[in-house]
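Residue-level listing of the chains:
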Number of protein chains: 2
Amino acid sequence: MRNFKMLIRYDGSRYKGWQRLKDNDLTVQGKLQEVLNRFAGTYVEIIGSGRTDAGVHAKGQIANFHLDTDASPEDLLNYFNRYLPDDIAVIELKECAPGFHARFNAISKTYRYTIRTSNIPNVFKRKYEYTYTDYPLDVEKMKKAAAYLIGTHDFMSFCGNSHMKKSTERTIFSININEKESVINIDYTGNGFLQNMVRIMTGTLIEVGSGKRDPESIPSLLEGKKRSLAGFMAPPQGLCLMNVDYSAKG
Amino acid sequence: MRNFKMLIRYDGSRYKGWQRLKDNDLTVQGKLQEVLNRFAGTYVEIIGSGRTDAGVHAKGQIANFHLDTDASPEDLLNYFNRYLPDDIAVIELKECAPGFHARFNAISKTYRYTIRTSNIPNVFKRKYEYTYTDYPLDVEKMKKAAAYLIGTHDFMSFCGNSHMKKSTERTIFSININEKESVINIDYTGNGFLQNMVRIMTGTLIEVGSGKRDPESIPSLLEGKKRSLAGFMAPPQGLCLMNVDYSAKG
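About the criteria used
- Residues numbered from 1 in each chain as written.
- Chains lettered and ligands numbered in written order.
- Predicted model: local features only at pLDDT ≥ 70, side-chain atom pairs only at ≥ 80, totals over all residues.
- Heavy atoms only, no water.
- Buried < 20%, exposed > 50% of the residue type's maximum accessible area, 1.4 Å probe, protein only.
- Helix = DSSP H or I, 4+ residues; strand = E, 2+ residues; numbered from the N terminus.
- Arc of directions from axis to C-beta.
- Contact = heavy atoms within 4.5 Å.
- Polar contact = N/O pair within 3.5 Å; in protein donor to acceptor, adjacent residues only side chain to side chain.
- Least-squares fit on C-alpha atoms with pLDDT ≥ 70 in both.
- Pairing = 2+ DSSP bridges.
- Expected span 1.5 Å × (residues − 1).
- Buried area = accessible area lost by both parts, 1.4 Å probe.
- Salt bridge = Lys/Arg side-chain N within 4 Å of Asp/Glu carboxyl O.

(A) The arrangement of helix 3 (residues 139-149) of chain B in detail. Residues and elements named next belong to chain B. Residues of helix 3 that are buried include every one of V139, M142, A145, A146 and L149, and no others. Mapping the buried residues of helix 3 onto a view down its axis gives an arc of 120 degrees, with all of them on the same face. Those residues of helix 3 that are exposed and aimed more than 90 degrees away from the buried face are E140 and K144. If you follow the buried residues of helix 3, they end up packed against strand 7 (151-154), strand 8 (169-180), strand 9 (183-190), helix 4 (197-209) and helix 5 (218-224). The backbone nitrogen of E140 lies 3.0 Å from a side-chain oxygen of the residue at the head of helix 3, namely D138.

Here it is as structure tokens:
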């Protein structure tokens, strides 16, 4: 049995996220499964690095699958891209170590959230940005607030799943906020993220930037461990999974 | 009466082009008219630099309109962007000389056609590119062929309107072809373009690049003055109006 690793990009606009839940849900994993199952003539599970929410995009999703085949990685890559819809693409596909597991071996992930702060939309990127113009955003305050989120914390207050029974502790390695010509990009790198966590952190940082919250309110918000203490959930279209890291830490 | 000039961007995917033909056609001009007419309380004609075909995009369309108003250009710009759909944006709006006419005063226009030559689509730009993978494209041959198109010629063979009764003579100032990482951009600058002309030139250049035609066949093609002599019409989504020039020539 050979093990294959692939780098996937998708425009998540029309999908109910990565994960295949019910047979009729339109999901990215489901579309990939359809193509791979057809190639293999049987069900071959595609293991993603993790789920992305409905409407969220990816430039660097990673997945792997085990398959007994004589086909070359290039043949497989071409097969995927021939039959996938044009909003999903396999960018790279190569054979990997037999024990590689896209979810278990992931050390860190980087998500980017893109906010446009101008009334003038970018018509060509409008599906990949969230336009926020209610108040001007003070990026320095957002950076101060973000600093409190970095490190190992219980992120219960930032978890969109109120029935979460597993640990809600996660480690955020870095949050980089950059502003350029009416666009604010927030890059979050961490060892993992809870459901909706990046979008809730983004909504909270926007509330700080707009003056509704103080940066110094973040520690008590983390300590309170209640979703209602955090900010609004920023909409999905501004979010993109940029990278999944499997190399040794540090 | 004040005269206002505006710079407009649009994703043309869902429009039947720039021009308002019938009341029910979904057009870019129609959408702009709706907003301006509402602002003015009466019909105020928006004069575009020229038409773009159905499905063609613009980063630099120019239009003007005459209006008796106390509103500032900024107020007008904000009004447009508040009520326009998110695939049309007014990027700049300023008062201009009373005699300025977006169509008559245009000295040159630049269109870009974008071809992707890889089987791996760019999922985020797929609506703004034409993917051509039938044969590899020889860009040097395309450049040779393009050189024959530069200058003043009768472009009848490149005109999509078979009932064209006006002059089909146009001057092309430059055609620049650049290839970078599976993307070929062709920038056409000319004093004006006939209906579908840029797309037919692009299809013809693709046929040259793929080896179906010789670069040296272009002069006889121009001389023949028959649409059937030229190549296929490249699809609209790869085309974008980049710039309209009103400054003095050269």
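(B) Up close: the relation of the copies chain B and chain A. For the match of chain B to chain A, the screw axis carries a shift of 0.0 Å, the RMSD comes to 0.0 Å, and the turn is 180 degrees. One copy is carried onto the other by what is essentially a two-fold rotation axis. Counting the interface residues of chain B, we find that 100% of their copies in chain A are interface residues as well, pointing to one common contact surface.

(C) Region of interest: unusual backbone geometry. Residues and elements named next belong to chain B. In this structure, N196 takes a positive phi of about 65 degrees despite not being glycine. Relative to the elements of secondary structure, N196 occurs in the loop between strand 9 and helix 4. Phi at K225 takes a positive value of approximately 50 degrees, unusual for a residue other than glycine. Its location among the elements puts K225 in the loop between helix 5 and strand 10 (239-245). A relative accessible area of 43% means that K225 is categorised as partly exposed.

(D) Fine view of the environment of P215(B). Residue and element names in this part refer to chain B. For P215, the position within the fold is in the loop between helix 4 and helix 5. C-alpha of P215 to C-alpha of M142: the two residues are 73 residues apart in sequence and 7.0 Å apart in space. Among all residues touching P215, those that are not within four sequence positions of it are K141, K144, A145, Y148 and V208.

(E) Representation of the pairing of strand 8 of chain B in the model. Residues and elements named next belong to chain B. Where strand 7 meets strand 8, four bridges bridge the pair, whose relative direction is antiparallel. Looking across to strand 8, one finds that G151 is bridged to I172. For strand 8 and strand 9, the ladder comprises eight bridges, and the chain directions are antiparallel. Bridging from a neighbouring strand, K180 pairs with V183 of strand 9.

(F) Focus on the pairing of strand 5 (residues 108-116) of chain A. Residues and elements named next belong to chain A. For strand 5, the tally of buried residues reaches eight of nine residues, placing the bulk of the element in the interior. As paired strands, strand 5 and strand 10 (residues 239-245) are joined by six bridges and run antiparallel to one another. The residue of strand 10 that forms the bridge with R112 is C240. Note that strand 5 and strand 9 (residues 183-190) share eight bridges and pair antiparallel. Residue Y113 lies in a different strand from strand 9, and its bridge partner there is I186. Both strand 5 and strand 6 (residues 130-131) contribute to a ladder of two bridges, which runs parallel. Residue pairing across strands places I115 opposite Y130, the latter belonging to strand 6.

(G) Helix 4 of chain B, seen in detail. All names here are of chain B. For helix 4, built from 13 residues, the straight-helix expectation of 18 Å at 1.5 Å per residue is met to within 8% by its first-to-last C-alpha distance of 18 Å. Within helix 4, 13 of the 13 residues are buried, which leaves it mostly tucked inside the rest of the structure. Among the residues trailing helix 4, G211 stands out with phi positive, at a value near 95 degrees.

(H) View of the interface of chain B and chain A. At the interface, 23 residues of chain B touch 23 residues of chain A. Regarding the contact of chain B and chain A, the summed buried area is about 1900 Å², with carbon and sulfur atoms giving 65% of it. Per-residue buried area on chain B facing chain A is highest for I120(B), F124(B) and R126(B); these three make up 34% of the total on that side. Where chain B packs against chain A, one counts four salt bridges. Here chain B is connected to chain A by four residue pairs in polar contact (both at pLDDT 80 or more). Breaking the side of chain B that touches chain A down by element, the ones donating at least two residues are strand 1 (2-10), strand 3 (57-67), helix 2 (73-83) and strand 4 (88-96) of chain B.

(I) Quick peek at the pattern of salt bridges. Inspection of the entire model under this criterion finds 25 salt bridges over all chains. In this structure, E207(A) and R213(A) form a salt bridge, with 2.7 Å as the shortest nitrogen-oxygen distance. Exposure class is identical for E207(A) and R213(A). Each is buried. In this structure, K16(B) and D25(B) form a salt bridge, with 3.7 Å as the shortest nitrogen-oxygen distance. Take K16(B): its relative accessible area is 52%, and that puts it in the exposed class. One continuous salt-bridge network, built from bridges that share partners, spans D11(A), D86(A) and R126(B).

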